[in-house]
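Here is how the chains run, residue by residue.
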Amino acid sequence: MDKHYLAPLFTPASIVVFGAEPAADDATPPFSQSQVLSAALRAQRFSGRLHFLDIRSTGTLADLAQSRADLAIIAMPPEQVAAALEAAGRIRCRAALIVSQGIGADAAAELRRIARREGILLLGPNALGFQRPSLHLNASAAGPLAHDGPLALVSQSGALTSAMLDWADHNAIGFSGVVSLGPHTDVDIAQVLDFFANDPATHSVLVYLEGISNARRFMSALRSASHAKPVVILKAGRKPAGNEAAQTHSASIVGSDEVFDAALRRAGAVRVRSFVELFSAAKCLASRYRPVGKRLAIVTNGGGPGVLAADWVNEIKLELGKLGADAQAALQPHLAPLASLSDLIDLSEEAKPEHYRAAIEAASADRGVDGVLAIYSPKPGGDAAGAARMLAALPRPMRKPLLSCWMGDASVSEARAVLAEASIPTFRTPEAAVGAFGNIAAFYQNQQLLQQTPPPLSTLAKPDIEGARLVIESVLAERRKVLTEMESKTLLSSFHIPITRTMLARSANEAMMIATQLGFPVALKVDSPDISHKSDVEGVALNILNGAGARDTYIDMMERVARLAPNARISGVTVQKMARSRRGREIYVGLLTDDPFGPVIVFGAGGTMIELLDDRAMELPPLNQFLARRMIERSRVAETLGEWRGAAPVDMKALEQVLLRVSEMVCELPELREMDINPIIVDASGAVAVDARIVIDNAPQQLGGKGGSYHHLAILPYPARLQRDWPMRGGGSYTVRPIHPDDGQMIQTLVQHLSPQSRWFRFVSGFRELPPSMLSRFTLIDYDREMALVAVVHERGTSSSGQPVETERIVGVSRYITNPDQSSCEFSLVVDDDFNGKGLGTRLLESIIEAARDKGLAEIEGLVLAENLTMLKLVKRLGFTVKAFAEDPSFRLVTQTL
């Protein structure tokens, strides 16, 4: 169970090829897909066993009766592919690649059915194939085998795959693997991402993406991969026309480009705009700098190139890193007389290599700088190569990212070679270099978002979920989808979102009396389930100052609306007190439903100019306070929320709580489709929703996964419902809860505290502590594909100041990981030796079994060392079946039907 389940496909020991093999004396260049593939396979010596089945010969399966192959490669006419796939199943191939082109959706569905019946992992049809340079395996029609290297490339375009490989070949870029996915493939992009995330030879993953078929599975795989190593994505279809073309080409769902950006940020990945930038970003991120901010210091020997770089810093919303006063004073004597340090670190045209060194060292040590860009512009008498050698001689590793831009061509070619040899990223233009730093900064910002695992409900007062559901059920029972203003505000109130007091008047006299009771000024709005935009039918009146005005306005409004919307059902007119704030800001918070990512929360400037301002920051639910604050910061209206034109700062906590409440609504009410809370008036005293419009529908189909709640969300919330307190045998108590990313140090302490035997039983390894990559993978998990439960005890101690404190200690962990069949899972269990015999192992194993059952899985299995008698006794007592493990007699395979 240690090998990845896609190993037979991407790391095969033996291959059989179904297709025409060129004759030994055939000198004509290959032209058919089969001939191109055969030539590619034979162009280098594959490290495993390769057998060709020539369809022109009289031999058929008899040629293979004595052999079994991990992988079948099928390059045959479309009408013969199904028979070849069935033949691959009969010779027990575990994976198949179909590079045959021109296979439609219906035929592809039949091929998937055959593959699943035969237990075959199927890549294709209409795929260009894949390359694994370290295995000397070119199972593709994408051109010559790429150089070996640390990058993995996954692409949904065969043509672009070929172009990228050609470009990479001429730029000395190597790959651990290249996979070109065609439309209708069974093994999808999420599964390939998962393979490369676990591939030790892959340091960074590059993805060309046109669309996805399953949002939950894609986000699960991408979040897992991004936590393990940098993932850089180039997505097509940024504009509507491109979206339509991408959807047609990839047979996948494309969705809104803004929503896709939000999804990538939340998954910890980085998005780029060109395939040249794709490789430069991967190269920079593979250096694994410490987390960096947005402040880039620019060291230059020319004002013009430095200004160009500074302009691009502002354009992509970075910040110019500036030296502090003390650093400037210390550096100035070591530079040329004309050097300037006010904004740019301009070394002047007299800059020497030692000046570059002094400036870069000063910038690297300054707390106001997160990264350094060194720009060199050729000058008469200048020493481009000497300056490059000075950079190359700087102590490694650098504390902060160092990028370079040696402008020009022939005169700086030697310098660029020096920088490349020193693994210092170098670029030809300042804009490209600044963009590369922007990708580094974005990566670490997005990694912060990836670490967030909010629960569906915040720690605020519990909402009235049942009351809200009753409102929704009553509206759907009337076969309506658009809620009235009163109904919409009732939902908001159920989740404790402050609203203006609103009452429904059914006559002119009622409107007058209600307005008088509420106090003037008031606003009147028509209330109708058939009118979505009240202002379009002149159904809004503001600043009514007295009772007579309220009565007359009611009469006039009913007449106008009846004339402009004669078929609309009118319930009456809502009367509400005008929200008055001398310096309040108008904010918009909403919800949209994207295909394929589902519900998305939107924040921006509100009021009547909302469409013109087009200020929209987006985030996938669920939210916590950190995500809510970052969402606000990304909006343009954020600039007005502090002290602004004499107005006091707004109550940011109140605004964040509105976003948290909307997140709760989205998580708990899957019927929500659209929501516009506009405007929300926010000032120093709080926030209040003035108007709201909500659209609902029946609960959607799940975005991925089986069983469990919150199936309408692309990101599964932290499963707080699994937390429970238990009494401990012998006294005391402990808590069983899902693991959290912050548990890393406690997990490491648990492993260090285990006896050598316990570590061997759990990890079949002699290490004394978890490697950083394994520790990271164990603590930041995707709750959709796996679950880890920890047993936590609370211990009393003293702080460094001698004060009594209570600390948490993790003393046991159980986990399961869903198998590729999506119906079974593999479990593991470890308990601190000090807590053996106290019932923790039984409770943890029972709890993880229950979590797997709740997920809808059908079977749980595990491998237990035959010498681990205590564990074998426990699983037998809990009803597991214990059998010998055919692949290794030192293990026992234990299984239980759920």
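Above this text you will find the structure in question.
Just so it is clear, the structure is predicted and the values come from calculations on it, not from any experiment.

Asker: I'd love a proper account of the environment of Ala330, names of residues and values included.
Answerer: Tracing the chain through its elements places Ala330 in helix α12 (residues 325–331). Note on Ala330: relative accessible area 48%, which makes it partly exposed. Between the C-alpha atoms of Ala330 and Ala362, which are 32 residues apart in sequence, the distance is 8.6 Å.

Asker: Hey, could you go over the pairing of strand β24 (residues 598–605) for me, with residue numbers and the actual values?
Answerer: With respect to burial, β24 is a largely interior element, 8 of its 8 residues being buried. Bridge analysis of strand β23 (residues 585–594) against β24 gives 8 bridges, and the strand direction is antiparallel. Looking at β24, one finds that Leu592 is bridged to Val600. Following β23, the chain reverses through 3 residues before pairing antiparallel with β24. Pairing analysis gives 3 bridges linking β24 to strand β25 (residues 617–619), with the strands arranged antiparallel. Its bridge partner being in β25, Phe603 is matched across the sheet by Ala617.

Asker: Before we move on, can you summarise the pattern of salt bridges with the specific residues and values?
Answerer: Tallied over the entire structure, the rule returns 50 salt bridges. Linking Asp199 and Arg132 is a salt bridge whose minimum nitrogen-to-oxygen distance equals 3.6 Å. In this pair, Asp199 is assigned in the loop between α6 (189–197) and β10 (204–209) and Arg132 in strand β6 (residues 129–132), connecting sequence segments 67 residues apart. For Arg693, the salt bridge identified is with Glu674, shortest N-O distance 3.4 Å. Residue Arg693 is located in strand β28 (residues 692–696), and its partner Glu674 is located in strand β26 (residues 672–683); the two are separated by 19 residues in the primary sequence. Taking relative accessible area as the criterion, Arg693 reaches 16% and is therefore assigned buried. Take Glu674: its relative accessible area is 37%, and that puts it in the partly exposed class. Ionic contacts of the salt-bridge type, sharing partners, join the residues Lys235, Asp257, Asp261, Arg271 and Arg273 into one network.

Asker: Before we move on, could you go through the side chain of Asp188 and cite the residues and values that matter?
Answerer: Checked against the element boundaries, Asp188 lands in the loop between β9 (175–180) and α6. For Asp188, the side chain forms a polar contact with the side chain of Arg217, separated by 2.6 Å. Setting aside its immediate chain neighbours within four residues, Asp188 contacts Leu181, Ser213 and Arg217.

Asker: I'd like to hear about the state of the cysteines, residue by residue, with values.
Answerer: Inspection of the entire model under this criterion finds 0 disulfides. Counting only cysteine sulfurs, Cys284 is the nearest neighbor of Cys405, a cysteine outside any disulfide, at a range of 13 Å. A residue is classified by how much of its surface remains accessible, and Cys405, at 0% relative accessible area, is buried.

Asker: How would you explain the sheet that holds strand β31 (residues 786–798) if you had to name every residue and give the values?
Answerer: The sheet built from 8 strands is open, its strands ordered β29-β30-β31-β32-β33-β34-β36-β35 with mixed pairing. At either end of the open sheet lies a strand with only one pairing partner, and these are β29 (724–727) and β35 (881–884). Taken pair by pair, the neighbouring strands of this sheet meet at an average axis angle of 30 degrees, ignoring direction. In this structure, strand β33 (residues 824–831) lies alongside strand β34 (residues 859–865), joined through 3 bridges in parallel fashion. Residue pairing across strands places Glu826 opposite Glu861, the latter belonging to β34. Packed onto the sheet, helix α24 (residues 744–753) meets β30 (733–738), β31, β32 (804–818) and β33 and runs at close to 85 degrees relative to β32. Lying on the sheet, helix α27 (residues 840–855) is in contact with β29, β30, β31, β32, β33, β34 and β36 (891–897); it crosses β32 at an angle near 50 degrees.

The rules behind these values
Residues numbered from 1 in each chain as written. Predicted model: local features only at pLDDT ≥ 70, side-chain atom pairs only at ≥ 80, totals over all residues. Heavy atoms only, no water. Helix = DSSP H or I, 4+ residues; strand = E, 2+ residues; numbered from the N terminus. Buried < 20%, exposed > 50% of the residue type's maximum accessible area, 1.4 Å probe, protein only. Pairing = 2+ DSSP bridges. Salt bridge = Lys/Arg side-chain N within 4 Å of Asp/Glu carboxyl O. Polar contact = N/O pair within 3.5 Å; in protein donor to acceptor, adjacent residues only side chain to side chain. Contact = heavy atoms within 4.5 Å. Disulfide = S-S within 2.5 Å. Axes fitted to C-alpha atoms, helices over the stretch in contact; angles between N-to-C directions.

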